[in-house]
Amino acid sequence: MSRLRTPLKTVRGLGSARSGTRHFIVQRITAVALVPLSCWFVWLALSLVHLDYAGARALIAQPLHAVLMVAFVGSVFWHAQLGLQVVIEDYVHTPGLEIASQLAVKFLCVLGALASILAVVRIALGS
Amino acid sequence: MPQAARPKSPHLQIYRWQIQMVSSILHRAAGVALAGGTVLLVCLLVALAGGPEVYAKVQRCCASMPGQLLLLGWTWSLAYHLLNGLRHLLEDTAAGFEIRTFVMTGWVAVLGSFVLTALVWICVLLQRGGL
């Protein structure tokens, strides 16, 4: 069947890119990961309420919490990017603006994740 | 202007509001709000790595009235997105699509989110020793 179609359709981004399932699956995997991680994060945030700077830093510096924080941040930004991508696909139909906003979301999510992970590493290593 | 008089396809305003659409719309809205909330997450971690002065600034922002309102909003968004997300994961297994079950789980997610938000903020208030 596919031999009857010209490659133009693919070039224009019409039709199946054969990668839609991956988006769906990764969104679910990050969602499943975020269920326990979010509960842990709420507990951590509640602990931060009564801690001063040194206490807060010492808490996140603990290896378990540092690792969970990196996992949380990674899952959050990955999940957020996938979700915002669908929102933009649904509501932004101006061609240039759509690509620009998709890129902006991707860049901001990667930057946010990198900045957070670097911060956690600095906290954990005490630098 | 015959073009303008043509009937349009019905959209949100034409339908009676029901839990099925409310739960779906809120899920997306809460997700977008949470994505915005990650800015605070980044600020908090960067400030914690940066030193006591920067951290004190973030703490002051969080303790301010707008900060508290935002935190309350994000608490609810997280609670709702979590509960309705679990509902979505359940539905991914092709379960929970009978109309009665679907309506019931929708209400559980909406009402449960308020219960969870209240529980979290009761913990906050208890730690502070009252209002």
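Everything here concerns the structure above.
Residues numbered from 1 in each chain as written. Chains lettered and ligands numbered in written order. Predicted model: local features only at pLDDT ≥ 70, side-chain atom pairs only at ≥ 80, totals over all residues. Heavy atoms only, no water.

Q: What should I look at first to understand the overall build of chain A in this one?
A: Helix and strand counts for chain A stand at five helices and zero strands. Taken from N to C terminus, the helices and strands of chain A fall in the order α-α-α-α-α. Counting across all 127 residues of chain A, residues that qualify as buried make up 36%. Counting only carbon and sulfur atoms, one obtains 72% of the accessible surface of chain A, whose full area is about 7,900 Å². (Helix = DSSP H or I, 4+ residues; strand = E, 2+ residues; numbered from the N terminus. Buried < 20%, exposed > 50% of the residue type's maximum accessible area, 1.4 Å probe, protein only. Areas by Shrake-Rupley, 256 points an atom, 1.4 Å probe, with all protein chains shown as cover.)

Q: Would you explain the overall build of chain B in this entry?
A: Helix and strand counts for chain B stand at four helices and zero strands. In sequence order, the secondary structure elements of chain B are arranged as α-α-α-α. Whereas a compact globule of 131 residues would reach a radius of gyration of roughly 14 Å, chain B reaches 20 Å, over 25% beyond that. Its C-alpha atoms put chain B at 65 × 45 × 30 Å along the principal axes. Classification of the 131 residues of chain B by burial places 34% in the buried group. Across chain B, contacts joining residues at least 24 apart in sequence account for 70% of those joining residues at least 6 apart. Roughly 8,300 Å² of accessible area belongs to chain B as shown, and the carbon and sulfur atoms make up 73% of that amount. For chain B, the distance from the average position of its 9 positive side-chain charges to the average position of its 4 negative side-chain charges is 14 Å. (Rg over C-alpha atoms; globule rule 2.2 N^0.38 Å. Contact = heavy atoms within 4.5 Å. Lys, Arg positive; Asp, Glu negative; His and termini not counted. Charge placed at Lys NZ, Arg CZ, Asp CG, Glu CD.)

Q: Before we go on, may I ask you to explain the nonpolar core in this structure?
A: Here is a general trend for soluble globular proteins: nonpolar side chains tend to be buried in one another's company. With 37 residues, the main nonpolar core has A:I60, A:M69, A:F72, A:V73, B:L45, B:L48 and B:Y55 as its most contacted residues. Of all the elements in the fold, those that place two or more residues in this core are α2 (20-49), α3 (53-61), α4 (63-91) and α5 (95-125) of chain A together with α1 (19-50) and α2 (52-63) of chain B. In terms of residues, this core owes the most to one element, α4(A), which gives nine residues. Sequence-distant contacts of A:M69, defined by excluding residues within four places in its chain, comprise A:W40, A:F41, A:L44, A:I60, A:V120 and B:L45. (Core = buried A, V, L, I, M, F, W, Y, C linked by side-chain atoms within 4.5 Å.)

Q: Looking at this structure, how should I read unusual backbone geometry?
A: Generally, phi is negative for residues other than glycine and the peptide bonds are trans, each holding for most cases. In this structure, B:A94 is a non-glycine residue whose phi angle is positive, near 70°. As for its position among the elements, B:A94 is in the loop between α3 (65-92) and α4 (99-128).

Q: In this structure, what is going on with the interface of chain B and chain A? I would like to understand it.
A: Taken together, the contact pairs 27 residues of chain B with 37 residues of chain A. Here chain B packs against chain A, burying approximately 2,600 Å² in sum over the two surfaces, 76% of which is carbon and sulfur. For the chain B face of the interface with chain A, the top three residues by lost area are B:R28, B:L45 and B:L48, together amounting to 24%. Run the count over chain B and chain A and you get two salt bridges. The interface formed by chain B and chain A contains nine residue pairs in polar contact (both at pLDDT 80 or more). Counting only elements with at least two residues in the side of chain B that touches chain A, the list comes to α1, α2, α3 and α4 of chain B. The greatest single-element share of the side of chain B that touches chain A, amounting to 13 residues, is contributed by α1(B). Considered class by class, the residues forming the side of chain B that touches chain A number 19 nonpolar, six polar and two charged. (Buried area = accessible area lost by both parts, 1.4 Å probe. Salt bridge = Lys/Arg side-chain N within 4 Å of Asp/Glu carboxyl O. Polar contact = N/O pair within 3.5 Å; in protein donor to acceptor, adjacent residues only side chain to side chain. Nonpolar A, V, L, I, M, F, W, Y, C, P; charged D, E, K, R; others polar.)

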